[in-house]
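# Residue-level structure breakdown
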Amino acid sequence: MNRSQFSIIVALGTTQTLAWASSYYLPAILADPIARDLGVSPNWIFAAFSASLVISAMLGPRIGRQIDLVGGRSVLSISNVTLAAGLALLGLTYSIPVLLTAWLLLGIGMGAGLYDAAFGALGRIYGDKARRSITGITLIAGFASTVGWPLTAWGLETIGWRNTCFAWAAAHILIGLPINWLMLPPVAGAKAAIAAAIKPHIPIDRTMILLAFAFAAAWTVTGAMAAHLPRILESAGATSLQAVAAGALMGPAQVAARIFEAGFLSRYHPLVSGRLACLTHPIGAAILGLAGGGAASVFAVFYGAGNGILTIARGTMPLAIFGPQNYAYRLGIIGAPARIAQAGAPLAFSLLIDVMGSRILIVSSALSLAALLALCLLRAPPPRSATKEEDA
């Protein structure tokens, strides 16, 4: 890895940490105080948040196509401005219409500024060799919740939720925007590429469908666990302290698993990593079911490790299977069902937990195993260089 590549990884890892911490992880801390100030149920906040995820899913293919044409520099920089505008408007919110408008902007910003856009930018720069860079930025941004939740909570206690939103908005303008604009290289011939652009035809074939299904099933579990993990662990018999301690282990488990992926698993096709990651949640759930609440931390480690590797696989599997051509656009198409599923998961699992309690892990494990089955139905293609030689 040369110095330029390392600098880009650190830059994107930093801006991804900022983007995730100030958008996706924001409602967990601020939903209740915002709802109290507006005099509404917190469900309004989570509904607006879910709608923003749907918006980001709908914009994914279009944003990916733009990255394929001009690279990620301008797209990710615009995402900083859009996220800053959404956060500033959220801080000014005094009514439901303004709240919904703020989350509309945040949804657009998330669509242009989270992992899929960053992975697409790296694919545009490095092509087939982007796997190590994708792993690198997820190693850094894996601490987004570890950094974001305490900072948001500290801001809530010291300057209030409105000023906390303003502070995050300022961070995008003063930190995120300059880093994305200055550190990401411009793409030569971008204007000509736009002028000559013809929308590519990407067939929705069996491989695309299986990948989209696998990611949708896996990200349904991710969305549910992000919203309900402490509640699920407590319903399994864990104390509040055990549930909180288990949650704190998720971030380190994710990062440790990504280091393992960057080292040992990097010698294998990304499909191997993806299949292995789909197994960890069911294994952790089985241990929790057999041992009870005392195994809450064990479950969190297994789940966190699998989720950490799946985040990388979401970027590396399509790249390894289809190659770098139209990579970001393809990533947007494959990822759209996953984002929509992730948006609906918190509400759906909330209703199921009321009925099933900790047995909800049967449902989440079944989804993980369904994702595993879909990945097992895929076969790694031969290396493209070998294919070319055979064609010759």
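Predicted model only: the values in this text are computed from it and were never measured.

Okay, the overall build of the chain next. In terms of regular secondary structure, the chain is built from 18 helices and 0 strands. The globule rule puts the C-alpha radius of gyration for 392 residues at 21 Å, and the 20 Å found for the chain is close to it. With the C-alpha coordinates aligned to their principal axes, the bounding extent of the chain is approximately 65 × 50 × 35 Å. Looking at the chain alone, contacts between residues at least 24 apart form 83% of all its contacts between residues at least 6 apart. Per element, the accessible surface of the chain, about 16600 Å² overall, is 69% carbon and sulfur. Separation between the mean location of the 24 positive side-chain charges and that of the 13 negative ones in the chain comes to 5 Å.

Between its terminal C-alpha atoms helix α4 (residues 72-91) stretches 28 Å, which fits the 28 Å expected from 20 residues at 1.5 Å a residue. Within α4, 14 of the 20 residues are buried, which leaves the element mostly enclosed by the surrounding structure.

Before going further, it helps to examine empty space enclosed by the protein. In the structure shown here, the tally under the stated rule is 4 cavities of 30 Å³ or more. Within this model, the largest cavity holds a volume of roughly 100 Å³. Lining the largest cavity are 13 residues, and of these Val221, Ala277, His281, Leu310 and Ser368 lie nearest its centre. Mapped onto the lining of the largest cavity, the elements with two or more residues apiece are α11 (206-235), α14 (270-291), α15 (296-322) and α17 (360-376). Considering only residue class, the lining of the largest cavity consists of 7 nonpolar, 6 polar and no charged. For the lining of the second largest cavity, the secondary-structure elements that each account for two or more residues are α3 (42-70), α6 (115-126) and α16 (327-356). Within the lining of the second largest cavity, the residues separate by chemical class into 5 nonpolar, 4 polar and 2 charged.

The next point concerns the nonpolar core. By size, the foremost hydrophobic cluster in this structure holds 58 residues, and its most contacted members are Ile34, Leu90, Leu99 and Trp103. Among all residues touching Leu99, those that are not within four sequence positions of it are Ile34, Leu38, Trp44, Ile45, Leu90 and Thr93. Within the second largest apolar cluster, 29 residues are counted, among which are Leu211, Ala218, Ala305 and Met317.

Let us look at the pattern of salt bridges. Pairs can form between side chains of opposite charge whenever their charged atoms are close. Going through the model one piece at a time under the given rule, you end up with 5 salt bridges. One salt bridge in this structure joins Arg162 and Asp37, with 4.0 Å as the shortest N-O distance. Here Arg162 is found in helix α9 (residues 160-183), whereas its partner Asp37 is found in helix α2 (residues 27-38), with 125 residues between them in sequence. Given a relative accessible area of 15%, Arg162 falls into the buried group. Residue class for Asp37 comes out partly exposed when judged on its relative accessible area of 49%. Between Arg131 and Glu261 there is a salt bridge, with the nearest N and O atoms lying 2.6 Å from each other. One end of the pair, Arg131, is in helix α7 (residues 131-141); the other, Glu261, is in helix α13 (residues 250-263), and 130 residues separate them in sequence. Considered together, Arg131 and Glu261 belong to a single accessibility category, that of buried residues.

A separate point is the confidence of the model for the chain. Taken over all residues, the pLDDT of the chain has a mean of 86, while the share at 70 or more is 93%. When pLDDT is averaged over each element of the chain, α9 comes out on top at 96 and helix α18 (residues 384-391) at the bottom at 41. The model gives residues 385-392 a pLDDT under 50, and that stretch makes 1 contact with residues more than four places away or in other chains.

Here Asn326, not a glycine, exhibits a phi torsion of approximately 55°, which is positive. By the element assignment, Asn326 lies in the loop between α15 and α16. When its relative accessible area of 19% is taken as the criterion, Asn326 is described as buried.

Relative to the assigned elements, Val75 resides in helix α4. Given a relative accessible area of 8%, Val75 falls into the buried group. Discounting chain neighbours no more than four positions away, the residues touching Val75 are Ile63, Gln66, Ile67 and Ala112.

The subject of this paragraph is α3. An ideal rise of 1.5 Å per residue puts 42 Å on 29 residues; α3 measures up with 40 Å between its terminal C-alpha atoms. If you look at α3, its biggest bend is around 45°, right at Gly60, and the proline Pro61 turns up within four residues after that. Gly71 sits one or two residues past α3 and shows a positive phi near 85°.

About the thresholds
Residue numbers here run from 1 along each chain, matching the order of that chain's written sequence. Predicted model: local features are reported for residues with pLDDT of at least 70 only, side-chain atom pairs are reported and counted for 80 or more only, and whole-chain, interface and lining totals are derived from all residues. To obtain the side-chain values, all non-hydrogen atoms of the structure were used and water was disregarded. Starting at the N terminus, helices and strands are each numbered in turn, a helix being any DSSP run of H or I of at least four residues and a strand any DSSP run of E of at least two. Taken over C-alpha atoms, the radius of gyration is set against a globule rule of 2.2 Å times the number of residues to the power 0.38. The contact criterion used is simple: two residues touch if any of their non-hydrogen atoms lie within 4.5 Å. Surface accessibility follows the Shrake-Rupley procedure with a 1.4 Å probe radius. Residue values consider only the protein chains on display as shielding. Working convention for charge: Lys and Arg count positive, Asp and Glu count negative, and His plus the chain ends are omitted. Throughout, a charge is located at the NZ atom of Lys, the CZ atom of Arg, the CG atom of Asp or the CD atom of Glu. Helix span, as expected, comes to 1.5 Å for every residue beyond the first. Note on classification: 1.4 Å probe, protein chains only; a residue is buried when its accessible area is under 20% of the maximum for its type, exposed when over 50%, partly exposed between these limits. Grid spacing is 1 Å over the protein atoms alone, the probe is 1.4 Å, and a cavity is where that probe fits but cannot get out, while a pocket is an open set with protein on both sides within 12 Å along at least five of seven lines and lining residues have an atom within 4 Å of a point. Grid points are joined across faces, edges and corners, and a volume is the space filled by probe spheres set on the points. Three classes are used, and their members are as follows: Ala, Val, Leu, Ile, Met, Phe, Trp, Tyr, Cys and Pro are nonpolar, Asp, Glu, Lys and Arg are charged, and the others, Gly among them, are polar. In plain words, nonpolar cores are sets of buried Ala, Val, Leu, Ile, Met, Phe, Trp, Tyr and Cys residues tied together by side-chain atoms within 4.5 Å. Salt bridges are defined as contacts in which a side-chain nitrogen from Lys or Arg sits within 4 Å of a carboxyl oxygen from Asp or Glu. pLDDT measures the predictor's confidence residue by residue and takes values from 0 up to 100. Each residue is assigned a bend, namely the angle between axes fitted to the seven residues that terminate at it and the seven residues that start at it.

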